[in-house]
Amino acid sequence: QAQLVESGGGLVQPGGSLRLSCVASGSIFSINAMGWYRQAPGKERELVAQITSGGRTDYGDSVKGRFTTSRDNAKNTVYLQMNSLKPEDTAVYYCNANLRRVGAPYDGSYWGQGTQVTVSS
């Protein structure tokens, strides 16, 4: 099995910052892309940021210039630094990883349980 566990969510005022972390654990052979998605009430889940094992990044249009993703391959951890937060960033943020478990013939997509981020004064 493989598990993703997020941490770092919470309540922050507009203009503030938060840093999310996500650790992958279990019987993991390799991890390819890792990323962050978010889902606000009544809306579809959307891509926030993604990073490949080589460090190439991609961002959703609404967060470009404000959010930065990075990863520590040795720790199987991905981070999301969120700056200049806006009320519209309020959502549940989910970690995602495309990884191969030990002994598995192909990659699988795994999700964390989600962490709430609320931007409000």
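For the structure, see preceding data.
Below you will find a few notes about this structure. Treat the numbers as computed from the prediction; the structure is a model and nothing was measured.

Thresholds applied
- Residues numbered from 1 in each chain as written.
- Predicted model: local features only at pLDDT ≥ 70, side-chain atom pairs only at ≥ 80, totals over all residues.
- Heavy atoms only, no water.
- Helix = DSSP H or I, 4+ residues; strand = E, 2+ residues; numbered from the N terminus.
- Rg over C-alpha atoms; globule rule 2.2 N^0.38 Å.
- Contact = heavy atoms within 4.5 Å.
- Lys, Arg positive; Asp, Glu negative; His and termini not counted.
- Charge placed at Lys NZ, Arg CZ, Asp CG, Glu CD.
- Buried < 20%, exposed > 50% of the residue type's maximum accessible area, 1.4 Å probe, protein only.

1. Considering the overall build of the protein
When you go through the protein residue by residue, the secondary structure sums to 0 helices and 11 strands. What you see in the protein, going N to C, is helices and strands ordered as β-β-β-β-β-β-β-β-β-β-β. A globule of 121 residues ought to have a C-alpha radius of gyration of about 14 Å, and the protein, at 14 Å, matches this closely. Seen along its three principal axes, the alpha-carbon backbone of the protein occupies a region of about 50 × 25 × 25 Å. For the protein, the share of sequence-separated contacts (at least 6 apart) that also reach a separation of at least 24 residues comes to 54%. Charge-centre separation for the protein: the mean point of 12 positive side chains lies 4 Å from the mean point of 9 negative side chains.

2. What about unusual backbone geometry?
Notably, N76 is not glycine yet its phi reads approximately 50°, a positive angle. Mapped onto the fold, N76 is located in the loop between β7 (67-72) and β8 (77-82). Residue classification places N76 among the partly exposed positions, given a relative accessible area of 25%. Within the chain, S84 stands out as a residue other than glycine whose phi angle is a positive 50°. A residue is classified by how much of its surface remains accessible, and S84, at 41% relative accessible area, is partly exposed.

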